Amino acid sequence: NWKGFGQRVTHLIETQPGMPFTLLYLDLDDFQNINDFHGYLIGDKLLVMIARLFEGITKEDEVLSSLGGDSFGFLIKSIDKSTIHNKIAEIYATLKTVKSVEGRLIEIDACIGIAQYPKHDTDFDELMHCADEAMREAKHKGKNTYVFFTDELHAQHLDQITMTNQLRRAVEKDELSMMYQPVYS
């Protein structure tokens, strides 16, 4: 769960502050469609199946956690890009082994956001916020995608939030108006 994962990550930060690591925040794509089409019982069984499969690929020095809903967290004690890419490839290959639940055909995809300690932050909540931003960008790019958090990504996200808030205020204050421009052919 989220709290337990946070405690494990925080413990690592406190006991080994100089050791860099990577957090993967995985969210299953279109999981609500599985629940809607097959029912919540099948959805729950699928989550249990995926968790067991992920346990099978989690190394002794890694941490896996179900973060609630259809999200999972991985702690990888490395920041080496090759190691991270290999782990993500292993995760995607594992998801591809899921073909059915109780005879019902299932296809599952996931997006992954990646944040690294201490490069992106030194606090669990902030690191997960970074990984979440990266995961949302991955979802924006399409299924089975992963994105590393960057300061540029964060700046774009802040710009989008600022623009959305400014537009909301403009609507509330009736500051928007339509302008028509005739087109001649």
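Anything mentioned here points back to the structure above.
Structural notes, computed from the coordinates. From a predicted model like this one, the values you see are computed outputs, not experimental measurements. (Residues numbered from 1 in each chain as written. Predicted model: local features only at pLDDT ≥ 70, side-chain atom pairs only at ≥ 80, totals over all residues. Heavy atoms only, no water.)

Some thoughts on unusual backbone geometry
For the bond from Tyr 117 to Pro 118, the omega torsion is 0 degrees, close enough to zero to count as cis. Its location among the elements puts Pro 118 in the loop between β6 (110-117) and α5 (124-141). Of note, the phi angle at Asp 174 is positive, near 55 degrees, even though the residue is not glycine. Within the secondary structure layout, Asp 174 lies in the segment after α6 (151-172). Residue Asp 174 is classed as exposed on the basis of its relative accessible area, which comes to 66%. (Helix = DSSP H or I, 4+ residues; strand = E, 2+ residues; numbered from the N terminus. Buried < 20%, exposed > 50% of the residue type's maximum accessible area, 1.4 Å probe, protein only.)

Considerations on the pattern of salt bridges
Tallying each qualifying case throughout the model produces eight salt bridges. Of the charged contacts, one joins Asp 27 and Lys 139 as a salt bridge, the two residues approaching to 3.0 Å between their closest N and O atoms. Of this pair, Asp 27 sits in strand β1 (residues 21-28) while Lys 139 sits in helix α5, placing them 112 residues apart in sequence. Its salt-bridge partner being Asp 29, residue Lys 139 comes within 2.7 Å of it at the nearest N-O pair. (Salt bridge = Lys/Arg side-chain N within 4 Å of Asp/Glu carboxyl O.)

Remarks on the sheet that holds strand β7 (residues 146-148)
Spatially, the five strands line up as an open sheet ordered β2-β3-β1-β6-β7, and their pairing is mixed. Each edge of the open sheet is held by one strand with a lone partner, namely β2 (63-68) and β7. Neighbour-to-neighbour, the strand axes of this sheet turn through a mean angle of 20 degrees, independent of strand direction. Examined bridge by bridge, β6 and β7 share three bridges and lie parallel to one another. Within β7, the position partnered with Ile 112 by the bridge is Tyr 146. Contacts between helix α4 (residues 81-96) and the sheet are confined to β1, β3 (71-76), β6 and β7, with β6 contributing the most and set at about 155 degrees to the helix. (Pairing = 2+ DSSP bridges. Axes fitted to C-alpha atoms, helices over the stretch in contact; angles between N-to-C directions. Contact = heavy atoms within 4.5 Å.)

A closer look at helix α3 (residues 40-57)
Think of an α-helix as turning once every 3.6 residues; residues three or four places apart then point the same way. Look at α3: 26 Å from first C-alpha to last across 18 residues, which is about the 26 Å you get at 1.5 Å a residue. Three or more residues of α3 are buried, namely Ile 42, Gly 43, Leu 46, Leu 47, Ile 50, Phe 54 and Ile 57. Buried residues of α3 fall within an arc of 140 degrees about the axis and therefore sit on the same side. For α3, the exposed residues set more than 90 degrees away from the buried face come down to Leu 41, Arg 52, Glu 55 and Gly 56. (Expected span 1.5 Å × (residues − 1). Arc of directions from axis to C-beta.)

Remarks on the pairing of β1
Counting buried positions over the eight residues of β1 gives eight, a clear majority of the element. Of the two faces of β1, the one holding Phe 21, Leu 23, Tyr 25 and Asp 27 and the one holding Thr 22, Leu 24, Leu 26 and Leu 28 are both buried throughout. Sheet analysis places β1 next to β6, joined by eight bridges and oriented antiparallel. Pairing of Leu 28 across the sheet is with Ala 110, part of β6.

As far as function goes, none of this settles anything; it's purely spatial.
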